[in-house]
Amino acid sequence: LSVHSVEGDLAVAFAEVRVLMNRDPYGGVLEVVPASGVAGTGFSLKALGWNDDEEDLPLSFAFSHLPLNVARPGVLALAGRSKSSTTVAYLPAGEGSVVLRVYDFYGAVAEVQATVSVTTPVLDGCAQVEGLFDKARSKAETGKPFAALQFARILSEQGGGEGSCDFGGAERRLRYRRRLQDAGNGTATDCYLNGTLFNGTLANGTSCDDAAGASLANALLALIAAANGVSGQSTTASRNQLAGVLAGVVGNSTALGGAEQADALSQVAQVASDAAGAGVDHGTAANLAAAADSVLGASGDGRSEAETKSINAAASSTAQALGSALLAGTVPGEAGAELLGNNLKISAQRAASGSVANATISGPGGAGGLALPLSVLGNQSAADVAQGIDVVLTSFAVNVHGDPQNASTDGGRRRLGELGGLLTGVFSVKLKSASTASEMQINSLPEPIIITIPRPAASSVSERLINCTNAASCSDRGACVLGGCVCESPWYGDECESQSACYYWDEAQSIWATEGCEMVAEDESSISCACTHLTDFAGIASSASSVLPTTKEEVAEDLEEVTFNTFSTEDIVNVLSKPPIEENQTVYTLVFALTGACVGCLLLAFAKDRYDDRRAARLESELSAKGSGVHIQPTAEDFSRAPVTRADVAANYVEAKLDGIDEKLKVMQQKAVLGFTRKRAVALAKDDPALARELMREAANRITTIESASVETAADATAADATAADATA
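Everything quoted here is computed from the prediction, not taken from an experiment.

A.B. asks: Would you mind showing me how to read the overall build of the protein here?
C.D. replies: Scanning the protein from terminus to terminus reveals 15 helices and 29 strands. In the protein, buried positions account for 39% of the 729 residues. Long-range contacts, defined as pairs at least 24 residues apart, comprise 64% of the intrachain contacts of the protein with a sequence gap of at least 6. With an accessible surface of roughly 39,200 Å², the protein has 54% of that area assigned to carbon and sulfur atoms.

Take a look at the structure:
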C-alpha cells in the first residue's frame, strides 16, 4: 500500500500485509482396479502420489460413489474419512464415478474422479443371492459395516431369486421355492413356505413373487440394523451410507408388511435424528426423505393399529429431524432448502427474528404457506430469538395422525355429529429457536396466523363418479355436468354432500379439534384457516351444515334406519323355559330385584285405594246421621271419585251462605216496606180509622211471616256451616 501527499511534495509512505495461503494437496491420482466389473465385485481404490507442504500434513482420504442416471442423484460414501489411502468397495450396478477427496491438516481439499462401469449380475437362483447375502453378513460380523451396507444396497436393487433362499436368522427365516408345472392351458405356481405347500399364494394372501421379495427385504432390514450397530458411532459418511441403503430397500420392495414398514421407517427416523444437530448433505437428506415417502405411499392393508401408529410417529419425527438437519450451520437470511416427494414435502429456512413478524412464507414446492402476525413472537424470550427463527413446514399427503373422531359414512351421507375424512393432507407448521433448536410454544395469540393448507389436485369431471342426472342429484349444491357433480363452494364430494372445516391435531387428547381455529377461505386448491396457535392442521369434511335431511329421499332414508330391539315369541319361550341364570347372574339379579320392587309398589297402591274408599264411605254415613239439610246421598259413582265429592260439598257450603245473605237482604227490604205501611196507616187513621186498622193487621201478619222465614234461613245456614266443616275436615 502506498500513500502520497496531496501537496505534491513527493512524500510517500508504504505499508504491506503478508497473507499465507494454504495450498490444496497436489500431485496425486486415483486408481480404480478393475475399471469395470459386475455388481458384487471388489473394486480396489487407491490414492497414489498425493503430497502437501510438511506443515499441512498428515493427509486424510474419503472415497465415495456418484451414480449417474438415477432417480436420486447424490454422492454415496464408500468409506469414512481416514488416513488410509486405500480401500475395497462393492459398487452397485450402473454407470458412475468413484470420487476421491484428499484433505490436509487445515481442511484444504482436492478432488478427483474416475469413471467406472458396473453391470448387473445374472442371478439364476438363490445360490447367488444367498452368496451375496452371506458376504454382507460376514462383513458385518467382522466389523466392516460399510462393506456390509454396500452388499445390502446391491441386493436391494436385485430383488429375490428363484429356488430355495435362506437368509439366516430364525426370526426372519423364510424359505421360498417356486416350481412351474405344465397345466395344459398354462402354468401353475406352487409356493413352499418353511416346507409347507401353498398353491398360488401363501396363507396370508402374499403372492409367490412377493414372498421372495419380502423375505429378502426382511433380511436386509435386519442386516442394516446389525451393520449400524457395528459402526457404533454415527458419522456423516455412515449416515450417508445408511440413508442410501434404506432408500434402496424400501423403494425397491413392494412386499414389505406393516411390521417391516414400521421397522424401516424407525431406522430412517433414527438416522435423521442423528443428523439433526450435525447437519446433512443433500444426498443423505434426499435418500432419507425418499425412504419415508415410499413407506407413506405404501398400501396400509393388513397393518395393525400399533404398526400404523409407529409408522405415523416415525414419519413425523423424520420430517422434523430433516428440517433441523437442513438448517444446521446456516445463518439467518440464507436460502432455505426443500425436499419434495409425492407423499412427503419439507421446506426449511432460517430467518432473522425481526423479519418473521408480518411475514408471508410459502409452503414446500410453493403449495400452501402461512402469514404470520406482528405478535407471533410476543411471548418468546430475547435469548430464544437472538440467533434467528427456524421455520419448518411439512406437507403430508396422507393422515399421519388418528382418524377424525366418530368419522363414518353411511350411504354417502354423513350422520349427525360425525366428521368425514381428510379433504387435505396434514400441514405441519413448526417455529424453532435457532439458539436452542427447541420448538417454540406459539398459542393464544391476540392475532391469528393464517395457514393455507394445499388440497390434492382436483379430479376432472370425466374422472369423477358418474352418479348424477340433474342438480337434485348433487344435493342442489351444484350442477350435473357430463354425469358428474360440479359443486358450488364450499361443498365437495361426489354428491356435494360435504364441506370443509379447519381442524388441528390435539397431541394431549389425541383427537382432531377446532378450538382457536376457523376457516376464512377455501377453493379447489387450498383451505385457509385462521388459528391462534401452531401445530399440525388439516381440512376435514364436516356435515355440520347438512345434518338435517333436505329432501324427501333423505327423510325416508333416516326413517328406514330407525330400528327397534324386540323379542320374538320364540325368544320369550326360550328365555322363560331355559333361563341362562348361571351365565348372567348379575343381569338376572338386577331383573328380579326390579320386578319385586314393581310388584311391591302395585300392592301398596291397591291398599291405599281401599283405605280411601272406606274413609269416604264413613264420612258420608256421618253426614247422613246428622240429618243435615245439605245431606248428599252417596252413590257408587261418589265412592269411585271421593275427591270430587268433597269438592262438591265445599261448593254447596258456599252456595248456602250466599242464599242466606240473599234472604237477609229480602227481609230487610220487606221490613222497610212494612215500616212505610205503618206510617201510612197512622196518617190514614185520622180520616178512615177502619182502613187504618186493616192496614195494621196486614202489616203485623207480614212481620210474623218474615220473622219465621228468617229463623228458618238462619237454621239452614247453621246446618250448612256444620256440614261444610265436616266435609273440609
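A.B. asks: Please clarify how the pairing of strand β18 (residues 389-396) should be interpreted in this entry.
C.D. replies: Strand residues, when the strand is regular, have side chains that alternate between the two faces of the sheet. Counting buried residues along β18, eight of its eight residues qualify, which places the element largely inside the surrounding structure. Burial along β18 is two-sided: the face carrying I389, V391, L393 and S395 and the face carrying D390, V392, T394 and F396 are both buried. Bridging between strand β15 (residues 344-351) and β18 involves eight bridges; their strand directions are antiparallel. By the bridge assignment, I346 is partnered in β18 with T394. Of the strand pairs in this sheet, β18 and strand β20 (residues 426-433) are connected by eight bridges, and their pairing is antiparallel. Note that in β20 the partner of D390 across the bridge is K432.

A.B. asks: Sorry, what's going on with the packing of aromatic side chains here?
C.D. replies: How two aromatic rings sit relative to each other is given by the distance of their centres and the angle of their planes. Taken as a whole and judged by the stated rule, the model has four aromatic pairs. Ring plane angle 90° and centroid distance 5.2 Å describe the contact between F105 and Y106, whose orientation is recorded as edge-to-face. A residue is classified by how much of its surface remains accessible, and F105, at 55% relative accessible area, is exposed. The aromatic ring of Y26 is capped on one face by R23, whose charged end is 3.8 Å from the ring centroid. Geometry around Y103 places R81 over its ring, the cationic atom sitting 3.8 Å from the centre.

A.B. asks: Is there a simple way to explain unusual backbone geometry in this structure?
C.D. replies: That bond from V33 to P34 is cis: its omega, -5°, falls within 30 degrees of zero. Residue position: P34 is located in the loop between β3 (29-33) and β4 (36-38). One non-glycine residue with positive phi stands out, namely N358, at about 65°. Note on N358: relative accessible area 54%, which makes it exposed. Unlike most non-glycine residues, S510 shows phi in positive territory, near 55°. Along the chain, the position of S510 falls in the loop between β25 (498-506) and β26 (511-513).

A.B. asks: Got a minute to help me understand the packing of helix α4 (residues 236-252) against helix α5 (residues 258-278) in this structure?
C.D. replies: Pairs of packed helices are described in terms of their axes, by the angle between the two and the distance that separates them. Relative orientation of the contacting elements α4 and α5 amounts to 155°, with a least axis distance of 10 Å. In terms of their interaxial angle, α4 and α5 are classed as roughly antiparallel. Seen from above, α4 lies across α5 with left-handed handedness. Listed contacts from α5 to R239, L242, L246 and V250 of α4 are A264, Q267, V268, V271, D274, A275 and A278. Its residues assigned to classes, the contact of α4 with α5 shows eight nonpolar, one polar and two charged.

A.B. asks: What am I meant to see in the sheet that holds strand β28 (residues 526-531) here?
C.D. replies: The strands making up a sheet associate through hydrogen bonds between their backbones, and the pairing can be parallel or antiparallel. Spatially, the five strands line up as an open sheet ordered β16-β17-β21-β28-β27, and their pairing is antiparallel. If you trace the sheet from one side to the other, it starts and ends with β16 (360-362) and β27 (517-522), each paired once. Neighbour-to-neighbour, the strand axes of the sheet open up by a mean angle of 20°, direction not taken into account. Looking at chain direction, strand β17 (residues 369-371) and strand β21 (residues 449-454) are connected through three bridges and run antiparallel. Across the sheet, A371 pairs through a bridge with I450, a residue of β21.

A.B. asks: When you look at the state of the cysteines in this model, what are you seeing that I'm missing?
C.D. replies: In a disulfide, the sulfur atoms of two cysteines are held together by a covalent bond. Evaluation of the coordinates by the stated rule reveals three disulfides. Here C474 engages in a disulfide with C485; their sulfurs sit 2.0 Å apart. Note on the C474 and C485 pair: the S-S dihedral is about -90°, so by sign convention the disulfide is left-handed. Highlighted residues: C474 in the loop between β21 and β22 (478-481) and C485 in strand β23 (residues 484-487), separated in sequence by 11 residues. Between C502 and C529 runs a disulfide, and the two sulfur atoms are separated by 2.0 Å. Around the S-S axis, the bridge from C502 to C529 shows a dihedral of about -85° and counts as left-handed.

A.B. asks: Teacher, can you tell me more about a positive patch on the surface here?
C.D. replies: Residues R610, R614, R615 and R618 make up a contiguous surface patch of positive charge. When you line up the elements, R618 lands in helix α12 (residues 585-625). Among the residues examined, R618 registers a relative accessible area of 47% and is labelled partly exposed.

A.B. asks: Looking at this model, I keep getting lost on the environment of L423. Mind explaining?
C.D. replies: Mapped onto the secondary structure, L423 falls in the loop between β19 (419-422) and β20. By relative accessible area, L423 is classed as partly exposed at 22%. Taking C-alpha positions, L423 is 8.9 Å from Y492, a pair spaced 69 residues apart along the chain. Leave out the neighbours within four places in its chain, and L423 touches R455, P456, Q499, S500, G539, I540 and A541.

A.B. asks: Help me out: how do you make sense of the pattern of salt bridges in this one?
C.D. replies: Any two side chains of opposite charge can pair, on the condition that their charged atoms come close. Scanning the model with the defined rule gives nine salt bridges in all. We note a salt bridge from E111 to R101, for which the minimum N-O separation is 2.5 Å. One end of the pair, E111, is in strand β10 (residues 109-119); the other, R101, is in strand β9 (residues 94-103), with 10 residues separating them in the sequence. According to the relative accessible area criterion, E111 is partly exposed, its value standing at 43%. Note that K309 is salt-bridged to E305, the shortest N-O span being 3.5 Å. Here E305 and K309 lie together in helix α7 (residues 305-327), a separation of four residues that amounts to about one turn. Linked through salt bridges whose partners overlap, the residues forming this network are K430, E439 and D536.

A.B. asks: Just checking my understanding: could you explain the side chain of R153 for this structure?
C.D. replies: Take R153: it is sitting in helix α2 (residues 145-158). Those residues in contact with R153 that lie beyond four places of it in its chain are L76, P92, G244 and V245.

A.B. asks: Would you mind going over the sheet that holds strand β6 (residues 60-67) with me for this structure?
C.D. replies: The mixed open sheet is built from five strands, whose spatial order is β4-β10-β9-β6-β7. In this open sheet, the two edge strands, each paired with only one partner strand, are β4 and β7 (76-77).

Scoring rules and cut-offs
Residues numbered from 1 in each chain as written. Predicted model: local features only at pLDDT ≥ 70, side-chain atom pairs only at ≥ 80, totals over all residues. Heavy atoms only, no water. Helix = DSSP H or I, 4+ residues; strand = E, 2+ residues; numbered from the N terminus. Buried < 20%, exposed > 50% of the residue type's maximum accessible area, 1.4 Å probe, protein only. Contact = heavy atoms within 4.5 Å. Areas by Shrake-Rupley, 256 points an atom, 1.4 Å probe, with all protein chains shown as cover. Pairing = 2+ DSSP bridges. Phe/Tyr/Trp six-rings, centres within 6.5 Å; stacked < 30°, edge-to-face > 60°. Lys NZ or Arg CZ within 6 Å of the ring centre and 35° of its normal. Axes fitted to C-alpha atoms, helices over the stretch in contact; angles between N-to-C directions. Parallel < 35°, antiparallel > 145°, perpendicular 65-115°, else oblique. Left-handed = near helix turned anticlockwise from the far one by under 90°. Nonpolar A, V, L, I, M, F, W, Y, C, P; charged D, E, K, R; others polar. Disulfide = S-S within 2.5 Å. Patch = residues over 30% accessible without salt bridge, like charges linked within 9 Å, V, L, I, M, F, W, Y side chains within 5 Å. Salt bridge = Lys/Arg side-chain N within 4 Å of Asp/Glu carboxyl O. Lys, Arg positive; Asp, Glu negative; His and termini not counted. Charge placed at Lys NZ, Arg CZ, Asp CG, Glu CD.

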